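The residues making up each chain are set out below.
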Amino acid sequence: MKVRVDMSRCQAYGTCADEAPAVFTLDEWGYAQAVDDELPPEQEAAARRAAAACPARAIALQE
Ligand code: SF4
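Participant: In this structure, what is going on with the nonpolar core? I would like to understand it.
Facilitator: In this structure, Val 3, Val 23, Phe 24 and Ile 59 are the most contacted members of the largest nonpolar core, which totals 19 residues. Listed by contribution, the elements that provide at least two residues to this core are strand E1 (2-5), strand E3 (32-34) and helix H2 (44-53). The leading source of residues in this core is H2, at four residues. Setting aside anything within four residues of it in sequence, one finds Ile 59 in contact with Val 3, Arg 4, Cys 16, Phe 24, Ala 50, Ala 51 and Cys 54.

Structure follows, in structure tokens:
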């Protein structure tokens with residue numbers, strides 16, 4: 001699975017890093033980026049939770 005944060009939508013809520021700390025890091029202003037574009041299978045469930053929880057719908061997952 002691939003993961004991407006749409007920086008035009010991210011509002012720096014930080015929810016994604018709370019839900020999936022191994023998948024997302026936050027920069028000094030709180031904007032998210034994916035640690036790696038390609039997710040290992042064991043992180044996919046956390047990434048889905050983070051995408052569902054993102055208030056800005058800024059996280060795109062692709063199988
Ligand atoms: S939860 Fe969404 S809006 Fe908040 S930092 Fe993560 S990607 Fe950005």
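Participant: Would you mind going over the side chain of Glu 44 with me for this structure?
Facilitator: Mapped onto the elements, Glu 44 comes out in helix H2. With near-sequence residues (within four places) excluded, Glu 44 lies in contact with Met 1 and Leu 39.

Participant: Is there a simple way to think about the site of the ligand in this case?
Facilitator: In the region of the ligand, 13 residues are neighbours, and Cys 10, Tyr 13, Gly 14, Cys 16 and Cys 54 sit closest. Here the ligand occupies the largest cavity. Split by residue class, the shell around the ligand holds nine nonpolar, four polar and no charged.

Participant: Looking at this structure, I do not really get a nonpolar patch on the surface. What am I missing?
Facilitator: Nonpolar side chains collect at one region of the surface, where Met 7, Trp 29 and Tyr 31 lie side by side and expose about 360 Å² of accessible area between them. When you line up the elements, Met 7 lands in the loop between E1 and helix H1 (15-19).

Participant: Would you mind showing me how to read H2 here?
Facilitator: Because each turn of an α-helix spans 3.6 residues, side chains separated by three or four positions end up pointing in the same direction. Buried within H2 we find Glu 44, Ala 46, Ala 47, Ala 50 and Ala 51. The arc enclosing the buried residues of H2, seen along the axis, measures out at 160 degrees, which places them on a common side. Close packing links the buried residues of H2 with H1, strand E2 (24-26) and strand E4 (59-62).

Participant: Would you take a moment to explain empty space enclosed by the protein for this structure?
Facilitator: The probe, sized like a water molecule, is rolled over the atoms to show the empty space still left. Scanning the entire structure with this criterion turns up one cavity of 30 Å³ or more. Within this model, the largest cavity holds a volume of roughly 100 Å³. Lining the largest cavity we find 14 residues, and of these Cys 10, Tyr 13, Gly 14, Cys 16 and Cys 54 sit closest to its centre.

Definitions and cut-offs
- Residues numbered from 1 in each chain as written.
- Predicted model: local features only at pLDDT ≥ 70, side-chain atom pairs only at ≥ 80, totals over all residues.
- Heavy atoms only, no water.
- Core = buried A, V, L, I, M, F, W, Y, C linked by side-chain atoms within 4.5 Å.
- Buried < 20%, exposed > 50% of the residue type's maximum accessible area, 1.4 Å probe, protein only.
- Helix = DSSP H or I, 4+ residues; strand = E, 2+ residues; numbered from the N terminus.
- Contact = heavy atoms within 4.5 Å.
- Near = heavy atom within 4 Å.
- 1 Å grid on protein atoms, 1.4 Å probe; cavity = no way out; pocket = protein on both sides within 12 Å on 5 of 7 lines; lining within 4 Å.
- Sits in = over half its atoms within 2 Å of the grid points.
- Nonpolar A, V, L, I, M, F, W, Y, C, P; charged D, E, K, R; others polar.
- Patch = residues over 30% accessible without salt bridge, like charges linked within 9 Å, V, L, I, M, F, W, Y side chains within 5 Å.
- Areas by Shrake-Rupley, 256 points an atom, 1.4 Å probe, with all protein chains shown as cover.
- Salt bridge = Lys/Arg side-chain N within 4 Å of Asp/Glu carboxyl O.
- Arc of directions from axis to C-beta.
- Points joined across faces, edges and corners; volume = space filled by probe spheres on them.

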